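Inside the fold
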Amino acid sequence: MTALGASLRRWLGIEEEREGRSTLLFLALILVLALILRFWHVDAQSLWYDEGWSVHLAREGVRSALAQAASAGHTHPPGYYLLLMAWVRLVGSSVIAVRGLSALLGLFTVLGLYRLGTVLFDRSTGLTAAFFLAIAPAHIIYSQEARMYALLALCFTVLLGFFYRLGADDRPWSRGDWITLAFWEIAAIYTHYFAFFLLIGMSAWLLPRLVVYVKEGRPRPRRWLGVQGIALLAFLPWLAPALARAKGHVSLGAAPPRIVPFLLQNWSFLLGGHIGLYGREPAFAFASKALLGIAALSVVILYMVEDHRRETAYLVLQGLLPLVLLFALMRVRPGFHPRYILMLIVPLILVMGHVVVAFSRRRMGYKALGLLVACGWLGATGLAAHALLADSYYARDDARGVVSYLNETLDSGAVVLMDMEDWALHYYFDETDLADVYIDASQSPERVGMRVASVLEGRSRAAQVKWHQGETDRRGMLPYLLESRGRRVDRHRLGGYTVHIWSLSDEISSLVSKEPGVRFGPLRLLEAKMEPSVPVGEAVPISLAWKKEETISRDYKVALSLVDQKGRTLARCDEPMVDSVGRGTGDWEVGRWSVNYHTLDLRPGIAPLAYAVRVLVYHEGQLSGLDVLDEAGAPAGKYYDIGTVELTRSVEDDHRELGREALGLRLLPQPARVANGLYIVSYGLSESSLRAGDTLSLLIEWHSTEGDLPSYHPVLQLTRAGEVLIKAQGAPVYGDYPTSLWRADEVVLEWRDLVVPADTEPGDAQVMIRVADEPPVILGGVRIEDVRHDFEPPSPQVGMAQPIGPFELVGYDFVPLHDHIIVDIQRNKLPDVELTAGEPISLTLYWQGEATVSENYVVFTHLLDEEGKLVAQHDGPPAGGARPTAGWVKGEYVVDSHRLAWLDADYAGRAVLEVGFYEPTSGERLRTPRGESRLLLPSEIVVR
């Protein structure tokens, strides 16, 4: 026992027994603290995807586990999985058991760091560094995760000590030392591929010393090279999977990192333990950056004044060189998470511990700097720990909660579909009677459809689980197929997942197919299929087949909209256009086609009527959308209607939430009675400030408390001091869904519009709804702003007098014309105007109101080629929406500027400008007295 105690004291760096007691006490307290923190609530959070994969492999046989770990798409070598396999056979595969292995590995790392600090510096540094690591959030988090990161940190800690001894200690090594070194190197490279970066860093430090040994004729370099050869030979069986992984190491959509964000991201992660802290926690971000500067300065100062320069340089090199190598790799093959370099926390914390201890032994100025480093480190980690514990955002994905919810919601034996092989879900589903089925939606539509049909056969309910971090169903096939078989009755979000519950029927929806053949710029819509009749509150399954006909680099998106007869969007879904493997249109080959699947969700409250379904194609740089091109290639608007869907009454009452916040609805304290059996539950006003001609839009949530109501005709009115300024009366939903058709307890959403007349006096006004002689319901107030009307004739560059509808064009300015050239077309011929294709075109129109109107029209300005094809255009309300036509008074002049965008920037030749008005919903144009639908401007234009 005496010999054992002496060996233990030597290993701990204790020479005197008296000092040994206090050191052992402090070390024991630190280890107990580390153990408590690593096992505290170790099973509080669910296993997540990667941990589920670890447990899955650990439960397999050795041959099967190695084969699966070597398969395409899997990231790490099998060392940790084999260790976990042995562990679970001893202690089981409960959450506590599988995470307990990492917790113990983390505890050994704390002990190993103490030993390393003692060898490189002294016991005080070892104890300080061990304490810092014991409470480090990053190390605690990954000591509570069934992954390999705690094991790699332990390997790195041990190897740092071995490599330092090789270069700094001339005492001879035993055969056991060399065998131990080989073991830990093999363990490291079989734990994580980035261990090679660590070995390169340590070898770079060792190399100069090995050269000296060679000159002195010592055997150490040969034996060290022999150990490296043994490690490489041991890795040969795994070389092929490693090379395959190296070739495929690119994360989809990942961008090469920039040096400063890369350093800050990794520093803050090692300090706080979560990649999201730096962006979400301003206090932590500030403390992190401040500590980085203070720590860097402290290390530089310490290096200049201390005796342990070699040891400090060794640790700094082991922290920075692997990071530099990793940065270089990520520039070539992006795709990285800072947890891959968790092991760098070991040299980082040891340097910080040495800074604190070394400065504490010097004069007051240095003591203050050391205290600042200690307080900064403890403060930053404290801020991180508080945020991690207080905010559920930082919690792991809740696979356990998902399975628990499904087990309570579904009957025994119900099927749960997943488009991602989620091993965490599989782990928890094993404890239930539910059938979890993985569907590879990247296969052909026919195979996916047959697979889903066979799984759903004879079932009345099913669920779909989508993991937010990964999927194979990038085209949306599963919800499309499920919607075709039934209806979605619930949607639930649980940490990292969305769960959909479907009620199924034996009948498959019959879809109406249409072959429009229209083009949206470089993409042709080959076929559109959708269900022609859908109950209110469900979803419309839609499939769109696209073909790429020109070379493009952008990734386009599709917006599907359900629109009413006034053109108002009632439902919309926006999704990227992708092929079966998730590639955007920029990566498609020309001539390639792909089918995308969509489910257009319909919120409760939409009236059961017929609605158009529109398609818009856009990209992030052009949100207004691509032009729909007709057979001649001429633009025909931004939208294309793929068909009409008839909404029918829901068979069952729909008690889903309307999503009032998203609609801008304000819930009344209690439903307001408008008439017998008719109430307003909430409402939303489009504007609180209006001007003459503006449209006040009111969204109403109606609720009928009984059936067989009379056909009420509510009146929306704007009043001031008891005087009605304007009113609009009619049955709900533009008169198409009268209250006499409503059922008891029905909820109906309705939009009503009021156009503020041109002659409305400025001031405050009230918005109210009433029915016949019933008391009105006041829904809020608005402010009518004053509008300046200009009756002074303008001085355009080109004067004219061309009436169209109730307006007259009295002239225009065209930027290419020389300033101050005022031309009256009744007396002079205009010179040709030259344009350069692609350059902006600015056009200012001068209108005069000939009569007051109640409609708000859209102005179109089109540049046409010699064949009448559109080459540039701008459509919009007058003056950019500042002067709607309903606000014009008779005789006033309105200045209306437009900036035309080129549709064909390669056009060259003669062109003309046409302008006019159209009604925005129907698209019908106003006419001239001669019946023409446009005004041709007299300027003769030549496009170069």
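In case you missed it, the structure is sitting above this.
This report concerns the structure included in the present document. (Residues numbered from 1 in each chain as written. Predicted model: local features only at pLDDT ≥ 70, side-chain atom pairs only at ≥ 80, totals over all residues. Heavy atoms only, no water.)

Observations concerning the overall build of the chain
Secondary structure assignment for the chain yields 24 helices and 36 strands. Considering the chain as a whole, with its 944 residues, one finds that 52% of them fall into the buried category. Long-range pairs, those at least 24 residues apart, make up 72% of the contacts in the chain between residues at least 6 apart in sequence. By element, 55% of the accessible surface of the chain is carried by carbon and sulfur atoms, the whole surface being about 42,700 Å². The distance from the centre of the 90 positive side-chain charges to the centre of the 107 negative ones in the chain is 12 Å. (Helix = DSSP H or I, 4+ residues; strand = E, 2+ residues; numbered from the N terminus. Buried < 20%, exposed > 50% of the residue type's maximum accessible area, 1.4 Å probe, protein only. Contact = heavy atoms within 4.5 Å. Areas by Shrake-Rupley, 256 points an atom, 1.4 Å probe, with all protein chains shown as cover. Lys, Arg positive; Asp, Glu negative; His and termini not counted. Charge placed at Lys NZ, Arg CZ, Asp CG, Glu CD.)

Observations regarding a negative patch on the surface
Side chains of Asp-759, Glu-761, Glu-785 and Asp-786 sit close together on the surface and give a patch of like negative charge. As for its position among the elements, Glu-761 is in the loop between strand S23 (747–755) and strand S24 (763–770). Residue classification places Glu-761 among the exposed residues on the basis of a relative accessible area of 54%. (Patch = residues over 30% accessible without salt bridge, like charges linked within 9 Å, V, L, I, M, F, W, Y side chains within 5 Å. Salt bridge = Lys/Arg side-chain N within 4 Å of Asp/Glu carboxyl O.)

Considerations on the pattern of salt bridges
What the rule picks out here adds up to 40 salt bridges. In this structure, Glu-746 engages Arg-649 in a salt bridge whose closest nitrogen and oxygen atoms are separated by 3.3 Å. Here the residue Glu-746 occupies a position in the loop between strand S22 (723–729) and S23, and Arg-649 occupies one in the loop between strand S16 (640–648) and helix H24 (660–663), the gap between them amounting to 97 residues. Via salt bridges that share partners, Glu-51, Arg-99, Glu-145 and Arg-396 belong to a single interconnected network.

What to know about the packing of aromatic side chains
Evaluated as defined, the whole model comprises 33 aromatic pairs. Between Tyr-142 and Tyr-149 the ring centres are 5.7 Å apart and the planes differ by 85°, which places this aromatic pair in the edge-to-face class. Tyr-149 shares its class with Tyr-142; the two are buried. Considering the side-chain rings of Phe-520 and Trp-546, the 5.6 Å spacing of their centres and the 70° angle between planes classify their relative orientation as edge-to-face. Within this pair, whereas Phe-520 is found in strand S7 (residues 519–520), its partner Trp-546 is found in strand S10 (residues 539–548), the two being separated by 26 residues in sequence. Side by side, Phe-520 and Trp-546 carry an identical accessibility label, which is buried. These aromatic residues form a ring-pair network of at least three members: Tyr-142, Tyr-149, Phe-194, Phe-197, Phe-262, Phe-269, Phe-327, Phe-336 and Tyr-340. The ring of Tyr-393 has Arg-280 lying over it, and the distance from NZ or CZ to the ring centre is 3.7 Å. Its end group placed over the ring of Tyr-366, Arg-362 keeps NZ or CZ at 5.9 Å from the ring centre. (Phe/Tyr/Trp six-rings, centres within 6.5 Å; stacked < 30°, edge-to-face > 60°. Lys NZ or Arg CZ within 6 Å of the ring centre and 35° of its normal.)

Examining the pairing of strand S25 (residues 777–785)
The pairing of strand S19 (residues 689–691) with S25 spans 3 bridges and is classified as parallel. When the sheet's bridge partners are listed, Arg-691 is paired in S25 with Glu-785. Across 7 bridges, S24 lies against S25 in antiparallel orientation. Within the sheet, the bridge partner assigned to Val-767 lies in S25 and is Gly-780. Remark: 6 residues form the turn of the hairpin made by S24 and S25, two consecutive strands paired antiparallel; Ala-772 in that turn has positive phi of roughly 50°. (Pairing = 2+ DSSP bridges.)

Side note on the pairing of strand S3 (residues 461–467)
For S3, the buried fraction is high: 5 of the 7 residues fall into the buried class. As defined by bridge partners, strand S1 (residues 415–418) adjoins S3 across 4 bridges and the pair is classed as parallel. Counterpart to Leu-417 in the pairing with S3 is Gln-464. Strand direction decides the pairing type here: S3 and strand S5 (residues 497–504), joined by 7 bridges, are antiparallel. Residue pairing for S5: Ala-463 is matched across the bridge by Ile-501.

What to know about helix H5 (residues 79–91)
With 13 residues, H5 should cover 18 Å at 1.5 Å per step; its first-to-last C-alpha distance of 19 Å lies within 8% of that length. Residues of H5 that are buried: Gly-79, Tyr-80, Tyr-81, Leu-84, Met-85 and Val-88. Looking at the packing, one finds that the buried side of H5 touches helix H3 (49–59), helix H4 (62–69), helix H6 (95–120) and helix H9 (149–168). Downstream of H5 by one or two residues, Gly-92 has phi in the positive range, about 95°. (Expected span 1.5 Å × (residues − 1).)

Some points on the sheet that holds strand S9 (residues 533–535)
If you trace the 5 strands from one edge of the open sheet to the other, you get S9-S16-S14-S11-S12, paired in mixed fashion. The strands lining the two open edges of the sheet, one partner per strand, are S9 and strand S12 (569–576). Each neighbouring strand pair of the sheet contributes to a mean axis angle of 30°, computed without reference to strand direction. Pairing geometry for strand S11 (residues 557–563) and strand S14 (residues 610–618), over 7 bridges, is antiparallel. Each residue of the ladder has a partner; that of Ala-559, found in S14, is Leu-616. (Axes fitted to C-alpha atoms, helices over the stretch in contact; angles between N-to-C directions.)

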